[in-house]
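Spelled out, the chains give:
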Amino acid sequence: MTRSDQVQMSKLPAGYAQLALSPERLLDAPLLELLAELDVTLDESSITDPSFTGAVVVTRGRVILSMRAGQPDWERDAVARVLLGRVFDVPLSPLPEPYRMSEV
């Protein structure tokens with residue numbers, strides 16, 4: 001089995017379906033289909049600062065992906081997939097500069 005074929009189990013809080021997600025599925029599935037499959041809510045953030053590209057919040061068994069309104073489609077797609085990869089423990093390469101991931 002190659003690294004890209006490995007499936008990781010998520011570490012979401014109890015009560016949320018523990019879904020297995022492969023890197024291929026995360027990167028290749030249409031984003032809206034992936035969000036529905038993972039039961040992730042996509043919200044437009046009220047943050048308008050161009051340096052904010054998105055956030056994911058896991059609370060009480062809900063996963064909410066918050067993205068900046070008006071950001072380029074390519075950026076929204078890439079950042080959303082990386083954020084989902086972090087939540088679902090999918091091994092991915094880090095984002096290039098100037099992007100940074102922070103956990104709070």
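First, a word on scope: everything that follows refers to the structure included in this document. (Residues numbered from 1 in each chain as written. Predicted model: local features only at pLDDT ≥ 70, side-chain atom pairs only at ≥ 80, totals over all residues. Heavy atoms only, no water.)

Direction vectors running N to C along helix H2 (residues 31-38) and helix H3 (residues 73-87) enclose 25°, while the axes themselves pass 11 Å from each other. With respect to each other, H2 and H3 are oriented roughly parallel. Along this stretch, H2 crosses H3, giving a crossing that reads as left-handed. Contacts between H2 and H3 involve Leu31, Leu34, Leu35 and Leu38 from the first element and Asp77, Ala80, Arg81 and Leu84 from the second. Tallied by class, residues from the contact of H2 with H3 come to six nonpolar, no polar and two charged. (Axes fitted to C-alpha atoms, helices over the stretch in contact; angles between N-to-C directions. Helix = DSSP H or I, 4+ residues; strand = E, 2+ residues; numbered from the N terminus. Parallel < 35°, antiparallel > 145°, perpendicular 65-115°, else oblique. Left-handed = near helix turned anticlockwise from the far one by under 90°. Contact = heavy atoms within 4.5 Å. Nonpolar A, V, L, I, M, F, W, Y, C, P; charged D, E, K, R; others polar.)

The next subject is the sheet that holds strand E4 (residues 55-59). Reading across from one edge, E3-E5-E4 is the order of the three strands in this open sheet, with mixed pairing throughout. Each of the sheet's edge strands pairs with one partner strand only, and the pair in question is strand E3 (40-45) and E4. Each strand of the sheet is rotated relative to its neighbour by a mean of 25°, with strand direction disregarded. Two elements, E4 and strand E5 (residues 62-68), share five bridges in a ladder whose sense is antiparallel. The residue of E5 that forms the bridge with valine 58 is valine 63. (Pairing = 2+ DSSP bridges.)

Before going further, it helps to examine the pattern of salt bridges. Within the structure shown, the criterion is met by five salt bridges. Ionic pairing is found between arginine 25 and glutamate 37, a salt bridge with its closest N-O pair at 2.5 Å. Taken together, the residues arginine 25 in helix H1 (residues 23-28) and glutamate 37 in helix H2 connect sequence positions twelve residues apart. Two residues, arginine 68 and glutamate 75, come together in a salt bridge whose shortest N-O distance is 3.4 Å. Look at glutamate 75 and you get buried, because its relative accessible area is 8%. One network of salt bridges, in which partners are shared, links Arg25, Glu33 and Glu37. (Salt bridge = Lys/Arg side-chain N within 4 Å of Asp/Glu carboxyl O. Buried < 20%, exposed > 50% of the residue type's maximum accessible area, 1.4 Å probe, protein only.)

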